[in-house]
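A closer look at the structure
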Amino acid sequence: MDTYALTAKPESRPLFSRDTLARLILPLVVEQLLLMTVGMADTLMVTTAGEAAVSGVSLVDNINLLMIQVFAALSTGGAVVVSQYLGRQDSENACAAAKQLLYVATAVALILMAVGLVFRRHILCFIFGTLDDDVMNSALIYFLLTAAAYPFIAVYNAGAALFRSMGNSKVSMFCSLLVNFVNIALNALLIYGYHWGAAGAGVGTLVSRITAAVIVLALLHHPEQPVHLEGGLTRPIFLRSMVRRILGIGIPNGVENGMFQVGKLLVLSLISSFGTAATAANAIANSIASVLNVPGTGIYLGLITVVAQCIGADEYGQAVSYTKKLMLTAYAAMDVLCVLLFFFAQPLVGCFHLSAEAAAMATQVLRWNSLFAGLFWPMSFALPNALRAAGDAKFTMIVSMISMWVFRIGFSYLLAWAMNWRLLGVWIAMFIDWVVRSIVFPLRFHSGVWKKKRVI
């Protein structure tokens, strides 16, 4: 018997039917596919403006990705709090928490925007060192326009998280579709038509993010929804206890996500020392491999809503049951994709016109990845969200950071450099990181310690 099991309760009505879960998860999977394209559109379309514009945009996008991870972490904190209140059927506090999430996300984004606008040249020099003048000019223009989009990105992420908390993931899916359409349309007009280069890519990003933020805010004002912005967002008042609950999940998750991105940059700098072929092979392999994670990432997001509502309703048995069902679904979907990738890795890599050396390396690491992702990725990255939804965010942060720095980064240098395994060594280090996480997180989940955590 579970050491930490709570007193048995009479059997209650399931909180989520199979159809309800499908309506939550499937749009999230589609949304992840759409988000993959919007992140690539600027870089791909700006190639016509020359290498300097491409370099400037790609460098700034590494910084923007870190900012987006911060906003996503805050949104996760808000989603956990709101979902738990909804599970408790406390609509009043759920609405109050929604407002606090939007206030906090906007305040953080405004601070980061100000830092980016004022110190963008210093930030670029600190991270990337000395850049050619034309690359620096493109980066500064793109950084200026995309930093101005931070508050709108934060508002949209928070709004999308709130709709997921209500079980309505179609809103974020359609907003992602709209963001793609507006971004690509403006890129085509400004880059191809007016030859604005990096500026055109930046304007497309800014306008598309504003559009998404305005739409999600407008939808949140509808009073018939379980979570809505009653009275609007004027005259912001910060409720300390509510903000503390949101940050109690958001800050550990943000630190974890931020350090993860820093770790990826360190590993990328190691890979770049192996030459152009290794760098190109790694970039293409990452692009192809990311498709494998799409079903798992959709379920990763859905677990927050499902588990948090169960916790709020004091239905810990259902939280365990739904987690197991969704994890099995993630494994089934990802395993199918992994089998396909294993056998079709070579022709997929061939679509990118790499050199023979780079193509061989990309094919090799993708086949290894198809073996390990199907076995370990869901336990490493999806299951921890069930723990976060219960308020166990500090534990996931500590485990993830230790595993990343010791195994993903430390073993990358050991295997790739000291043992001369090069690119394959970096990927094997990543697999070892997954294996460690997939041992620790299930043990934590089955221990039941997370059932004693309290968020609301």
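Core analysis: the biggest nonpolar cluster contains 101 residues, and Val81, Leu124, Tyr150 and Trp450 have the highest contact counts within it. Examining the composition of this core, we find that 15 residues originate from one element, helix H2 (residues 51–87), more than from any other. Formed by 40 residues, the second largest nonpolar core is a distinct cluster that contains Leu270, Ala345, Ala429 and Phe431.

With 26 residues, helix H13 (residues 393–418) should reach 38 Å at 1.5 Å per residue; the first-to-last C-alpha distance of 35 Å fits that figure. Of all the bends in H13, the greatest measures close to 35° and is centred on Met404. The elements touched by buried residues of H13 are helix H8 (240–272), helix H12 (356–389) and helix H14 (422–447). Asn420 occupies a position one or two residues after H13 and carries a positive phi of about 65°.

Moving on: a nonpolar patch on the surface. Taken together, Val336, Val339, Leu340, Phe342, Phe343, Phe344, Leu348 and Leu371 make up a surface patch of nonpolar side chains, about 750 Å² in accessible area. Top contributing element to the nonpolar patch by residue count: helix H11 (residues 316–350), with seven residues. By secondary structure assignment, the location of Phe344 is in helix H11. Owing to a relative accessible area of 47%, Phe344 belongs among the partly exposed residues under this scheme.

Phi at Asn420 takes a positive value of approximately 65°, unusual for a residue other than glycine. Looking at where Asn420 falls in the secondary structure, it is placed in the loop between H13 and H14. The exposure class assigned to Asn420 is partly exposed, which follows from its relative accessible area of 47%. Within the chain, Arg422 stands out as a residue other than glycine whose phi angle is a positive 55°. Checked against the element boundaries, Arg422 lands in helix H14.

With that settled, consider the packing of helix H3 (residues 91–128) against helix H4 (residues 133–147). Packing of H3 against H4 brings their axes to within 9 Å, and their N-to-C directions diverge by 160°. With respect to each other, H3 and H4 are oriented roughly antiparallel. Considering how the two elements wind past one another, H3 and H4 form a crossing that is right-handed. For the pair H3 and H4, contact is made by Met113, Gly116, Leu117, Arg120, Arg121, Ile123, Leu124 and Cys125 and by Met136, Ala139, Leu140, Phe143, Leu144 and Ala147, respectively.

Cut-offs applied
Residues numbered from 1 in each chain as written. Predicted model: local features only at pLDDT ≥ 70, side-chain atom pairs only at ≥ 80, totals over all residues. Heavy atoms only, no water. Core = buried A, V, L, I, M, F, W, Y, C linked by side-chain atoms within 4.5 Å. Buried < 20%, exposed > 50% of the residue type's maximum accessible area, 1.4 Å probe, protein only. Helix = DSSP H or I, 4+ residues; strand = E, 2+ residues; numbered from the N terminus. Expected span 1.5 Å × (residues − 1). Bend = angle between axes of the 7 residues up to and from the residue. Contact = heavy atoms within 4.5 Å. Patch = residues over 30% accessible without salt bridge, like charges linked within 9 Å, V, L, I, M, F, W, Y side chains within 5 Å. Areas by Shrake-Rupley, 256 points an atom, 1.4 Å probe, with all protein chains shown as cover. Salt bridge = Lys/Arg side-chain N within 4 Å of Asp/Glu carboxyl O. Axes fitted to C-alpha atoms, helices over the stretch in contact; angles between N-to-C directions. Parallel < 35°, antiparallel > 145°, perpendicular 65-115°, else oblique. Left-handed = near helix turned anticlockwise from the far one by under 90°.

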